[in-house]
Amino acid sequence: MTHLWVRAEQRANEKRVGLTPEGTAALIAAGIRVTVEESDMRAIGIDGYRKAGAEIAPQGTWPDAPRDAIIFGLKELPEDGTPLPHRHIMFGHAFKGQPAGLRLLERFKAGGGTLLDLEYLVDDNDRRVAAFGYWAGFAGAAVSLKCWAAQQHDNACGPVAVYPGRDALLAALRNEMDATGAPRPRAIVIGALGRVGTGAADLCEALGVSVTKWDIAETASGGPFPEILQHEIFLNCILARPGTPVFVPADATQAPRALSVIGDIACDPDSDFSPIKVYDRTTTWDQPALRVHDDPVLDVMAIDNLPSMLPVESSQDYAEQLLPSLLSLTAPESGVWRRAEATFQDHIARL
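Everything quoted here is computed from the prediction, not taken from an experiment.

## Details of the pattern of salt bridges
Logical step 1: Applying the stated criterion to the full structure yields 19 salt bridges.
Logical step 2: A salt bridge links Glu176 to Lys146; the shortest N-O distance between them is 2.5 Å. Of this pair, Glu176 sits in helix H5 (residues 166-179) while Lys146 sits in helix H4 (residues 133-152), placing them 30 residues apart in sequence.
Logical step 3: Judged by relative accessible area, which is 29%, Glu176 ranks as partly exposed.
Logical step 4: A salt bridge links Arg291 to Asp299, with the nearest nitrogen and oxygen atoms 2.7 Å apart.
Logical step 5: Within the structure, one salt-bridge network assembled from shared partners comprises Arg11, Glu76 and Asp304.

Have a look at this one:
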């Protein structure tokens, strides 16, 4: 019997989950055994999973799960160097040469396990079957506007936190922006036709921020793109990959510009393919803004688990998208899981 083990997330501020109680009931009805770990952070309570028929395990016990269990989580595992013998479903960030990703792959190689990376679950047309993109864009634009609002008071953006829902976030941010007394900034979104870009543009427009929407057609020339510097806010919603043009070169900090906030929502600064060359590390919930230039000011927002600011809505949306693929775990040798394993094996072979 296929056994899916939903682990508790161990990263600070990570309240999302990739499976809801309703999805749990559907998996069990399909003959899949489901174990859900208790969690002191998860936005969806454990009682719903228990009522759906899941087995409940103590938090953090996944390393002792049966070897045939498939461990399902979202964000990274603790970097303790231990070999990984299980199959893991997660966002591994391991296939673009990232240093932490290479260490993770070495752990899978040592343990004989497999990484089925959620980012690489694709259909027959090479399109991702599930993504947090919309809510990443929505929350990333929100934090970027918070950075701009703080700049109007000659400050850097303070800590951000979880919101109970979309409306609460919009109300709080509207008040912050109104309190600056400044006209609304102008934003440019690159990747505006995708899920991430749609979420970013929706947030901006809900708050009266005018948005220039760019996608593949507008960036096909390969750059340079001086138009980006003419907007106060730039929201990057393009996943870094080979061939992605540089949107903000390293010398942009010295160039004449209106740009004062870069929201790198795609957030892959240690990739060679990153299109934003003015920073080299992610930012955090405690310190959302990385100041890369003082006069004129330029801040970069690059939080890599943005959807967790709206954990209930983002979890429900993502889990609904992913459920058909989870149901197909009874035949992992075909479809999205076969393709995901092939990607993993290809990268393991390169180590």
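## Section: unusual backbone geometry
Phi is mostly negative for residues that are not glycine, and the peptide bonds are mostly trans.
Logical step 1: Cis geometry is found at the peptide bond from Gly223 to Pro224, where omega equals 5 degrees.
Logical step 2: Between Asp295 and the following residue, Pro296, the backbone shows a cis peptide bond with an omega angle of 0 degrees.
Logical step 3: Within the secondary structure, Pro296 is located in the loop between strand E11 (289-294) and strand E12 (297-301).
Logical step 4: The phi dihedral of Asp126 is positive, around 65 degrees, even though this residue is not glycine.
Logical step 5: Tracing the sequence through the fold places Asp126 in the loop between strand E6 (114-117) and H4.
Logical step 6: Taking the relative accessible area as the measure of exposure, Asp126 reaches 60% and is therefore exposed.

## A short note on the pairing of strand E7 (residues 186-190)
Every regular strand shows the same layout, with side chains that alternate between the two sheet faces.
Logical step 1: With four of five residues buried, E7 lies mostly within the body of the structure.
Logical step 2: Of the pairings in the sheet, the one linking E7 to strand E8 (residues 210-214) comprises five bridges and is parallel in character. Bridge assignment links Val189 to a residue of E8, and that residue is Lys213.
Logical step 3: This β-α-β element, E7 to helix H6 (residues 195-206) to E8, shows right-handed connectivity.
Logical step 4: As paired strands, E7 and strand E9 (residues 233-236) are joined by four bridges and run parallel to one another.

## Looking at the sheet that holds E6
Logical step 1: Read across the open sheet, the six strands follow the order E3-E2-E1-E4-E5-E6; overall the sheet is parallel. Since the sheet does not close on itself, it has two edges, and those belong to strand E3 (55-57) and E6, each with one partner. Direction aside, the axes of adjacent strands within the sheet are offset by 25 degrees on average.
Logical step 2: In terms of strand pairing, strand E1 (residues 3-6) meets strand E4 (residues 70-72) through three bridges, oriented parallel. Each residue of the ladder has a partner; that of Val6, found in E4, is Phe72.
Logical step 3: Across the sheet, helix H9 (residues 335-349) touches strand E5 (87-90) and E6, and the angle it forms with E6 is around 120 degrees.

## A few points about the nonpolar core
Logical step 1: Membership of the largest hydrophobic core comes to 41 residues, with the highest contact counts inside it found for Leu145, Leu203, Leu235, Ile265, Leu306 and Met309.
Logical step 2: Taken together, the elements giving at least two residues each to this core come down to H4, H5, E7, H6 and E9.
Logical step 3: With 12 residues, the top contributor of residues to this core is H4.
Logical step 4: The contact partners of Leu203, leaving out residues within four places of it in the chain, are Phe138, Ala141, Ala142, Leu145, Leu170 and Leu173.

## Some remarks on the environment of Ala26
Logical step 1: By secondary structure assignment, the location of Ala26 is in helix H1 (residues 21-29).
Logical step 2: Residue Ala26 is classed as partly exposed on the basis of its relative accessible area of 28%.
Logical step 3: Sequence separation of Ala26 and Leu323 is 297 residues, and the distance between their C-alpha atoms is 8.6 Å.
Logical step 4: When near neighbours in sequence (up to four residues on either side) are disregarded, Ala26 contacts Leu323 and Leu327.

## Things to note about the sheet that holds E9
Logical step 1: Here we have six strands laid out as an open sheet, ordered E8-E7-E9-E10-E12-E11, and mixed in their pairing. A single partner strand is all that each edge strand has here, and the edge strands are E8 and E11. Across the sheet, the axes of successive neighbouring strands diverge by a mean angle of 20 degrees, strand direction being ignored.
Logical step 2: Sheet topology note: the strand E10 (residues 261-264)/E12 ladder contains three bridges and is parallel. Across the sheet, the residue bridging to Ile262 is Val300, located in E12.
Logical step 3: Along the sheet, H4 contacts E9, E10, E11 and E12; its crossing angle with E12, the most-contacted strand, is approximately 155 degrees.
Logical step 4: Against the sheet, H6 contacts E7, E8 and E9, and its axis sits at roughly 165 degrees relative to E8.

Parameters at a glance
Residues numbered from 1 in each chain as written. Predicted model: local features only at pLDDT ≥ 70, side-chain atom pairs only at ≥ 80, totals over all residues. Heavy atoms only, no water. Salt bridge = Lys/Arg side-chain N within 4 Å of Asp/Glu carboxyl O. Helix = DSSP H or I, 4+ residues; strand = E, 2+ residues; numbered from the N terminus. Buried < 20%, exposed > 50% of the residue type's maximum accessible area, 1.4 Å probe, protein only. Pairing = 2+ DSSP bridges. Right-handed = clockwise from strand over helix to strand, strands pointing away. Axes fitted to C-alpha atoms, helices over the stretch in contact; angles between N-to-C directions. Contact = heavy atoms within 4.5 Å. Core = buried A, V, L, I, M, F, W, Y, C linked by side-chain atoms within 4.5 Å.

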